[in-house]
Amino acid sequence: MEQTLVILKPSAIARGLMGEILSRIERKGLIVTGLKMMQLDENILKEHYAHLVDRPFFPSIVESMTATPVVVMCLEGVDVVAVFRKMVGVTNGRNAEPGTLRGDLCMSGQANIIHASDSVENAQIEIRRFFNPGEIFDYKPANASFLYSADEMKD
């Protein structure tokens, strides 16, 4: 099955949205295979946001992303990258559709509560950036047969 990286940003942590977001992930049927809290620093942010480092707003990204610890997660599921990106909604919470995490829970373009990998390839890179190999678990949840049909689970 596919994997994706999720970061609950300081704007989610400070607002007490961890439980709400995790609950919605679990209710959807996505499998949490890695979960930890960590404090980001400028070095990891320069790597993670390498495409933005030269932009004039990069210092404000560093400031906002280091304001509190973050929660990083590895999620697993069939087509999880696309599924979770739909759940998250567009970058600016003011423009995100109701029913999405950003549409329901935020009002900002930068303080937009969550990061989700944008492709399967980037997900693998990002997972390796934030997790050591022993921190991702491979298991089949007891309710798996109620999440997917047998032919979907053959991956």
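Placed above this text is the structure.
Residues numbered from 1 in each chain as written. Predicted model: local features only at pLDDT ≥ 70, side-chain atom pairs only at ≥ 80, totals over all residues. Heavy atoms only, no water.

Colleague: Summarise the pairing of strand β1 (residues 2-8); cite the residues concerned and give the values.
Modeller: Within β1, 7 of the 7 residues are buried, which leaves it mostly tucked inside the rest of the structure. Residues Glu-2, Thr-4, Val-6 and Leu-8 line one face of β1 and the alternating positions Gln-3, Leu-5 and Ile-7 line the opposite face, and both faces are buried. Of the pairings in the sheet, the one linking β1 to strand β3 (residues 70-77) comprises 7 bridges and is antiparallel in character. Paired with Ile-7 across the bridge in β3 is Val-72. Across 3 bridges, the pairing between β1 and strand β4 (residues 114-116) is antiparallel. Its bridge partner being in β4, Val-6 is matched across the sheet by Ala-116. (Buried < 20%, exposed > 50% of the residue type's maximum accessible area, 1.4 Å probe, protein only. Helix = DSSP H or I, 4+ residues; strand = E, 2+ residues; numbered from the N terminus. Pairing = 2+ DSSP bridges.)

Colleague: Help me get a handle on the pattern of salt bridges, residues and values and all.
Modeller: Using the criterion set out here, one finds 5 salt bridges in the structure. Residue Glu-135 pairs with Lys-36 through a salt bridge whose shortest N-O separation is 2.8 Å. Here Glu-135, found in the loop between α7 (120-130) and α8 (144-147), pairs with Lys-36, found in strand β2 (residues 31-38); they are 99 residues apart in sequence, far enough to count as distant. The exposure class of Lys-36 is partly exposed, given its relative accessible area of 22%. A salt bridge links Glu-42 to Lys-46, with the shortest nitrogen-to-oxygen separation between them at 3.5 Å. Residue Glu-42 and its partner Lys-46 are both found in helix α3 (residues 42-48); the two are separated by 4 residues, about one turn of the helix. On the basis of relative accessibility, which here comes to 41%, the residue Glu-42 falls in the partly exposed class. (Salt bridge = Lys/Arg side-chain N within 4 Å of Asp/Glu carboxyl O.)

Colleague: Report on the sheet that holds β1, specifying residues and quantitative values.
Modeller: The pairing of strands in a sheet comes from backbone hydrogen bonds and takes either a parallel or an antiparallel form. The sheet built from 4 strands is open, its strands ordered β2-β3-β1-β4 with antiparallel pairing. With partners counted over all chains shown, the strands left at the sheet margins are β2 and β4, one partner each. Strand-to-strand twist across the sheet, computed as the mean angle between neighbouring axes with direction ignored, equals 15 degrees. With 7 bridges connecting them, β2 and β3 associate as antiparallel partners. (Axes fitted to C-alpha atoms, helices over the stretch in contact; angles between N-to-C directions.)

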